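Listed here are the chains, written in short residue letters.
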Amino acid sequence: MSLSPRFIAFILAFLISLITSSFLAFVEGVSKGMLFVVSIAAFISSFFLVLYTVDILVFREVNKMYRTIHKLKMRDFNLAPRKKLIQESNPLKTINDEIFVYVTKKQKEIDELKKLELFRREFLADVSHEFKTPIFAAQGFIHTLLDGAMDDEKVRERFLRKAANNLDSLDVLVKDLLVLSQMETGDIKMNMAAVDMRLMALNIFGRLENIAKSRNVTLKVKPDELTEVWVKADADRMEQVMLNLIENAIKYGNEGGKVTVQFSEGKKYMEVAVRDTGPGIPHEHLNRIFERFYRVDKSRSKDIGGTGLGLAIVKHILNAHDTKIAVMSKPDKGTTFSFKLEKAFTSAHSEQSEEDFVTQVNS
Ligand SMILES: Nc1ncnc2c1ncn2[C@@H]1O[C@H](COP(=O)(O)OP(=O)(O)OP(=O)(O)O)[C@@H](O)[C@H]1O
Ligand SMILES: [Mg+2]
């Protein structure tokens, strides 16, 4: 039911005139004409009085509050202006709803800020921790050399190499962090062009041949029929993505296992999947592995030499390509990372017959 000021005034005025005329009816000597005049007069005067009180003192004030809240909402949440006032409906309910929406949105904003603050604190702690390890190690080797170990030629070379290795990992760490922060601030522009993902995968297999051989891992590209896989991408950035995914699959997969890069052609998109036959990633870690510095098995991943930034960079690069990375993992069966990229043009199949990369690197 609509609770407009006029409606409220009408009801109250009607009741007041009814009560007044009912009482008057008991007074002796009051004629019907007088009764009629009094009830009309009581109705009109109470109608305007109530209308004034409700409209001026309640509705207008409530409307002012509504407008203020509305303006705050517009400004804080960048909404399009909406002029409608609340004369016709229950103003207190509307204003209550507005306040509720506003408070809920503000609360969400506060929660997000709190999360960001926590994230910032954790990030700072992680960065300092990651920096500390190589800096302390390099510092230790150099001080030991300065304190006298320098005189022994063998020790000198070994310690200098160790110090250099630690400084190299520090360099990798700083570069990765720089890329991440540039991606986050949008400073890195994607240089989109047609890229052959199959050729890229084969090149990366070549670069990682040594570590694959040392772990006796077989590298394959599938399917054989697709000889070229042209997509729209930034070649350098996409190489970073593929390098990390394939390197992870080799490093964290089983010794003697298999790493497959599989392409599946859709109408507009090409799906790229990097699959290994390793121990898999436990379910509870799956959505955290894309966080900066997150490693499933901290000590093991560190032994293998990762900074834990690889997948965070992968996620950002793929976001900049308007796509998302998906991960599927089964314990002891292996892990698959996959994403879709827009095709550059309808794929051309070359006539040359396809061979597994294993045969190409071994030949
Ligand atoms: N294919 C995989 N199988 C099992 N675990 C994986 C796989 N890929 C990633 N992980 C887990 O996810 C963690 C994060 O991977 P990410 O690539 O971000 O870091 P990293 O490889 O340790 O270091 P970086 O890539 O910076 O050298 C790894 O430490 C590992 O524990
Ligand atoms: Mg990695």
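All values derive from a computational prediction rather than experimental measurement.

**Student:** Outline the site of ligand 1, listing residues and values.
**Tutor:** Around ligand 1 there are 21 residues in total, and Asn248, Tyr252, Asp276, Thr307 and Leu311 lie nearest to it. Backbone polar atom of Leu311 to an oxygen atom of ligand 1: 2.7 Å apart, as the coordinates give it. Expressed as a share of its isolated accessible area of 600 Å², the protein-covered part of ligand 1 is 94%. When atoms are counted within 2 Å of each cavity's grid points, the one that captures over half of ligand 1 is the largest pocket. Take the shell around ligand 1: its biggest share by element is 5 residues, from helix 7 (residues 235-252). Taken together, the residues of the shell around ligand 1 break down into 9 nonpolar, 8 polar and 4 charged.

**Student:** Account for helix 5 (residues 197-207), naming residues and giving values.
**Tutor:** Within the sequence span of helix 5, burial applies to Met197, Arg198, Met200, Ala201, Leu202, Ile204 and Phe205. With a side-chain oxygen positioned 3.1 Å from the backbone nitrogen of Arg198, the residue opening helix 5 is Asp196.

**Student:** Can you explain the UniProt feature "transmembrane region" (unreviewed entry) in the protein? Please cite residues and give values.
**Tutor:** According to UniProt, the positions carrying the feature "transmembrane region" (unreviewed entry) are residues 7-27 and 33-59. End C-alpha atoms of residues 7-27 are separated by 31 Å, and the span's content is 90% helix alongside 0% strand. Spanning residues 33-59, this segment combines 100% helix with 0% strand, and its end C-alpha atoms are found 37 Å apart.

**Student:** So what's going on with the sheet that holds strand 6 (residues 326-330)? Which residues, and what values?
**Tutor:** Strands belonging to one sheet form pairs held by backbone hydrogen bonds; the direction of such a pair is parallel or antiparallel. What the 5 strands build is an open sheet, ordered 2-4-5-7-6; its pairing is mixed. On the outer flanks of this sheet lie strand 2 (218-222) and strand 6, each paired with one strand and no other. In this sheet, adjacent strand axes meet at a mean angle of 15° when their direction is disregarded. In the sheet, strand 6 pairs with strand 7 (residues 334-342) via 5 bridges, with the strands oriented antiparallel. Looking at the pairing, Val327 lines up with Phe337 of strand 7. Across the sheet, helix 5 touches strand 2, strand 4 (258-265), strand 5 (269-276) and strand 7, and the angle it forms with strand 2 is around 175°.

**Student:** Describe the side chain of Lys343, naming the residues involved and giving the relevant values.
**Tutor:** For Lys343, the position within the fold is in the loop between strand 7 and helix 10 (357-362). Using a relative accessible area of 11% as the deciding quantity, one classes Lys343 as buried. At 2.9 Å, the side chain of Lys343 forms a polar contact with the backbone oxygen of Gly266.

Scoring rules and cut-offs
- Residues numbered from 1 in each chain as written.
- Chains lettered and ligands numbered in written order.
- Predicted model: local features only at pLDDT ≥ 70, side-chain atom pairs only at ≥ 80, totals over all residues.
- Heavy atoms only, no water.
- Near = heavy atom within 4 Å.
- Polar contact = N/O pair within 3.5 Å; in protein donor to acceptor, adjacent residues only side chain to side chain.
- Areas by Shrake-Rupley, 256 points an atom, 1.4 Å probe, with all protein chains shown as cover.
- 1 Å grid on protein atoms, 1.4 Å probe; cavity = no way out; pocket = protein on both sides within 12 Å on 5 of 7 lines; lining within 4 Å.
- Sits in = over half its atoms within 2 Å of the grid points.
- Helix = DSSP H or I, 4+ residues; strand = E, 2+ residues; numbered from the N terminus.
- Nonpolar A, V, L, I, M, F, W, Y, C, P; charged D, E, K, R; others polar.
- Buried < 20%, exposed > 50% of the residue type's maximum accessible area, 1.4 Å probe, protein only.
- UniProt positions renumbered as here; feature names shortened; annotations may be inferred.
- Pairing = 2+ DSSP bridges.
- Axes fitted to C-alpha atoms, helices over the stretch in contact; angles between N-to-C directions.
- Contact = heavy atoms within 4.5 Å.

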